[in-house]
Amino acid sequence: MLDKLRQSTKGVLAYILIGLLVVAFAVWGIADIFTGGGDQPVATVGDIEISQADFDRSYRNQQRFYQDQLNRDLGSEELRALGIDRTVLARLINGALADNHAITLGLGVTDETIAQSIRNDPAFLGLDGKFDRSRLQDLLTLSGLSEPAYIALKKRELLRQQITDSLTLDIPAPKLLVDLTGQYQFEKRKLRYIVLDEKVVGPLAEPDDKTLKDFHQLMKANYMAPEYRKIGLIILTPKTLAPKMEVSEEEIKAKYAEVKQRFNTPEKRRIQQIVFPDEKAAATARKKIRRSKDFIAIAKKQGQTLKDIDLGLLAKSDLIDPAIAEAAFTLKKGQISQPIKGQFNTVILRVSEIVPAVNKTLDQVKDQVKAMIAKEKAVHHINELQDSIEEERAAGTPLNEIAEKLGLEYIEIPAIDRHGRDPKGKTVALIASTPRIVSEAFKAEAGEEIEAIPTDENGLAWVEVLDITEAELKPFESVKAEVLKDWREQTLRTKLGELAAKLVAQSKPSKTRPAKSFEEIAGSVKRKIITTKPFTRDKLPPPLPRSAATLIFTLAKNAVSSTPSADGKTRLVFQVIEIIPAEKLKPDAAKKISDALKKQLTYDILAGYFNGLRKQYPVEVNRSVFDRLTGR
C-alpha cells in the first residue's frame, strides 16, 4: 500500500509532509533573529516554544523529501548548503507567529470542521473520489505521527488558514501586469552572428618567463596553496566503543524481558472494506452479500474496485478508527461484519487473510539484544569519559596525554585544509561525517582549547590545533604549465574582445567613414554568417550564453553587439535582425502567468505579515540547540 501511495500521490504526499506538517503557507527565509535562547526549545516565539522534537521531525521530513527527489542520501553539510535547516526553522517560526496571533484574536475551529477537512482533502481521496482511510494511514506511517498528533496539527493549520485566507484569498493579479509579463516572457528575437576564434586573431606569440611570472603574481589568488592545519583528535562513538563493553547473560535476559515486544510481529489481517453513505445503505448491502456470497460484486455496485476496497495487510494498531479496528480483529477469515459507523464513513468489512503474530525467543534475538545493551553502555561510558577528559583539559593536560592516561586512541592528522582534504586533494575519511571538526579547527589558534564537538554517530570529538601552515603562493616553477595555459586563455579572450569591439564599432558611422553592413563585417574576418531561429529570452540557442539575454532583448532592430560564447572559448558578434512582439495571450498562458503573479503577491503579503508579527511577538532562537540538531 505504501508503494502504491508513493506511486500515485508522490507530489501531493510530499506537499503534505513538507507543507502541512510544518506550515503550508510559510514564507521562505528568516530574519536575523539568532540569540542566546534557553536550553530546551529550539526557539521561543511569544508564548509558544518550538520543541526539539517538532524541529527534528520537520527537518527529517524535509530531508526525506529532498533525498527522494535526488534519489540519494544527503548529509547535514549538503542540507545546510541547500538552506534546509534555516527553511525549516523559518516555517516553524512563522507558524508559531500565526498561532500566537490566532490566540490573541480568539480564533477557534470545531471538531466537525477538522473531520470535514480531512474527509475532503484531495490527498486522501481514492480513485472513486471518496475518502480513502488507507491513504491517511500511509501518511501517518510515513510521518511517524499518531492520529491525535495529526489532528492537532490539522487544527493548527485550519486556524492559521483563517488568518492567511483573510489576507490573501482571491488576490487579483492586475490585467495590465499580466499583459506586460506576457509581453516580456513571449517576445522573440532573431539574430545572425559570426564566431570569432583563435584562427581570426592568429597564433599567439610565445610568452617569455618574465611575462608568465608577472601573470603569476597578478593572478596569485589562482595559484595559492591552501592553509593547512595539523590537528590531534580523540573521537568517541557508541559504534567504536560498543564492542569493548562487557555484557553478562543476566543483563541480556533482563533486557529481553524489557524490550521483547520490539522483536515481535503482531497479528496482521488483510482487510477489505466497502464504504456506504449511511447505515441503512450498508445494512441493505449486507443482506445482499449474505444471499449472494459475493462481496466484490456489491463493492462494484458502489462504484468501488478491488483495489479501492483493499486496505492492505495491517496490524490492529495500524487502523486509526477504534471501531473499525475492533471489528476487523474480531472477525473470522471470510466473515462479513455488521455495518460499522466509523469516524469518517459507514463501512462493511471482510477479512480475507490472517497472518498470525510472531514472537521471537531470546535465542533468536540474543545477538541483537546484546548489541543494544553494549551500545547503551557505550553511551554511558562516553558520558563518564567526557567528565574525565574535561577535568584533565581544565588541568591543562594535552589531548595526547589524556588519551594515553585513559587508554583511548589519539589520532593525528598531519595536514588538512578547510574543506577536509589532505595535500593530495583527498577527503580525510575519518572526519568526513563530522565537518564541524574541520570548521572548529579552522576557527581556533594553535593551542587554543576547543569545546567538545558532537558527531553524527551521537558521539563526541575533541580536537586541538597542533600547527598551522599559512596559505602561500605556490612557486612559479611548480605551476608554470598551469600559468601558461591560463595566460593563453586570458590573452586570447582579451584579443577576441578587442577585435569584437572593433567590428561592432564598424557597424556605426563615424566622421571619416560610413557604417559597414553585417556582411562586410563578416567578410573582413572571413567568417560565415549564421542565422538563428526566433527565440524567447529564456531559451537562447547555443552557443549564446543565458547571460546575454538582457543585452539581446534591449537592443534595437539591426543593432550590432558582441558577447562571449556559452563555453567562453570564442566570441560572438551578432546583429538583431527581427523583433517579434508577443502574440495576444491565450487563456491558458494568461492563467499560468496570473497564478504565478498571485502566488508572488501572496508571498509578499505574508512576508510583510510575518515581519509585522515579529515586532508583536518576540522571537528567540537557541543557536546551540539549532546547531546540534543540524550537525553544525
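Residues numbered from 1 in each chain as written. Predicted model: local features only at pLDDT ≥ 70, side-chain atom pairs only at ≥ 80, totals over all residues. Heavy atoms only, no water.

This paragraph deals with the sheet that holds strand β4 (residues 188-196). Reading across from one edge, β15-β4-β17-β16 is the order of the four strands in this open sheet, with antiparallel pairing throughout. Looking along the sheet, the strands with just one partner apiece sit at the ends: β15 (530-531) and β16 (560-564). In this sheet, strand β17 (residues 571-580) lies alongside β16 in antiparallel orientation, the contact comprising five bridges. If you follow proline 564 over to β17, its bridge partner there is arginine 571. (Pairing = 2+ DSSP bridges. Helix = DSSP H or I, 4+ residues; strand = E, 2+ residues; numbered from the N terminus.)

Over its 27 residues, helix α20 (residues 480-506) runs 39 Å from end to end, which matches the ideal 39 Å to within 8%, given 1.5 Å per residue. Turning to α20, its buried residues are Val483, Asp486, Trp487, Thr491, Leu492, Leu496, Gly497, Leu499, Ala500, Leu503, Val504 and Gln506. As for α20, its buried residues are in contact with β4, α9 (198-201), α10 (209-218), α21 (518-524), β16 and β17. (Expected span 1.5 Å × (residues − 1). Buried < 20%, exposed > 50% of the residue type's maximum accessible area, 1.4 Å probe, protein only. Contact = heavy atoms within 4.5 Å.)

The interhelical angle for the contact between helix α8 (residues 175-186) and helix α23 (residues 587-616), taken along N-to-C directions, is 110°, at an axis separation of 10 Å. When the axis of α8 is compared with that of α23, the two are roughly perpendicular. As α8 runs across α23, the sense of the crossing is right-handed. In this structure, α8 uses Leu177, Val178, Thr181, Gly182, Gln185 and Phe186 to contact α23, whose residues at the interface are Ala589, Ala590, Ile593, Ser594 and Leu597. Residue classes in the contact of α8 with α23 are distributed as seven nonpolar, four polar and no charged. (Axes fitted to C-alpha atoms, helices over the stretch in contact; angles between N-to-C directions. Parallel < 35°, antiparallel > 145°, perpendicular 65-115°, else oblique. Left-handed = near helix turned anticlockwise from the far one by under 90°. Nonpolar A, V, L, I, M, F, W, Y, C, P; charged D, E, K, R; others polar.)

Let us look at the confidence of the model for the protein chain. Of all residues in the protein chain, 92% have pLDDT values of 70 or greater, and the mean over the chain is 86. This stretch, residues 1-38, has a pLDDT under 50; its non-local contacts, to residues over four places away or in other chains, come to 102 contacts. (pLDDT = per-residue confidence, 0-100.)

Following the sequence through the fold, lysine 502 ends up in helix α20. The exposure class of lysine 502 is exposed, given its relative accessible area of 52%. Residues lysine 502 and isoleucine 521 lie 19 residues apart in sequence; the distance between their C-alpha atoms is 9.9 Å.

With that settled, the discussion passes to the sheet that holds strand β6 (residues 228-236). A sheet is described by the order of its strands in space; here four strands give the open sequence β11-β6-β13-β12, paired in antiparallel fashion. Strands at the two margins of the open sheet, each flanked by one partner only, are β11 (411-416) and β12 (453-454). Bridge analysis of β12 against strand β13 (residues 460-469) gives two bridges, and the strand direction is antiparallel. Note on β13: the bridge partner recorded for proline 454 is leucine 460. Across the sheet, helix α17 (residues 362-394) lies against β6 and β13, angled at about 35° from β13, the strand it touches most.

Tracing the backbone shows threonine 602 in helix α23. In this structure threonine 602 comes out as buried when scored by relative accessible area, which is 19%. Beyond its immediate stretch of four places on either side in the chain, threonine 602 contacts Thr168 and Ile171.

Okay, the nonpolar core next. Of all hydrophobic cores here, the largest spans 29 residues; its most connected members are Phe55, Leu89, Ile93 and Leu97. Of all the elements in the fold, those that place two or more residues in this core are β2 (43-45), β3 (48-50), α2 (52-70), α4 (84-105), α23, β18 (619-622) and α24 (623-629). Take this core: its biggest share by element is nine residues, from α4. Within the second largest apolar cluster, 26 residues are counted, among which are Leu236, Val369, Ala374 and Leu399. (Core = buried A, V, L, I, M, F, W, Y, C linked by side-chain atoms within 4.5 Å.)

Enumeration according to the criterion identifies six aromatic pairs in this entry. Both rings, one in phenylalanine 65 and one in tyrosine 66, keep their centres 5.5 Å apart while their planes meet at 90°; by these two values the pair is edge-to-face. When the ring of tyrosine 609 is compared with that of phenylalanine 610, the centres are 5.2 Å apart and the planes differ by 55°; the resulting orientation is tilted. Residue tyrosine 609 shares its accessibility class with phenylalanine 610, and that shared class is buried. Taken together, the ring pairs connect Phe55, Tyr59 and Phe626 into an aromatic cluster. Against the face of tyrosine 184 rests arginine 537, its NZ or CZ located 3.7 Å from the ring centre. (Phe/Tyr/Trp six-rings, centres within 6.5 Å; stacked < 30°, edge-to-face > 60°. Lys NZ or Arg CZ within 6 Å of the ring centre and 35° of its normal.)

This brings us to a positive patch on the surface. A contiguous patch of positive charge, built from Lys287, Lys288, Arg291 and Lys301, is present on the exposed surface. At three residues, the largest contribution of residues to the positive patch is made by helix α13 (residues 279-292). Position of lysine 301 among the secondary structure elements: in helix α14 (residues 295-301). We classify lysine 301 as exposed; its relative accessible area is 66%. (Patch = residues over 30% accessible without salt bridge, like charges linked within 9 Å, V, L, I, M, F, W, Y side chains within 5 Å. Areas by Shrake-Rupley, 256 points an atom, 1.4 Å probe, with all protein chains shown as cover. Salt bridge = Lys/Arg side-chain N within 4 Å of Asp/Glu carboxyl O. Lys, Arg positive; Asp, Glu negative; His and termini not counted. Charge placed at Lys NZ, Arg CZ, Asp CG, Glu CD.)

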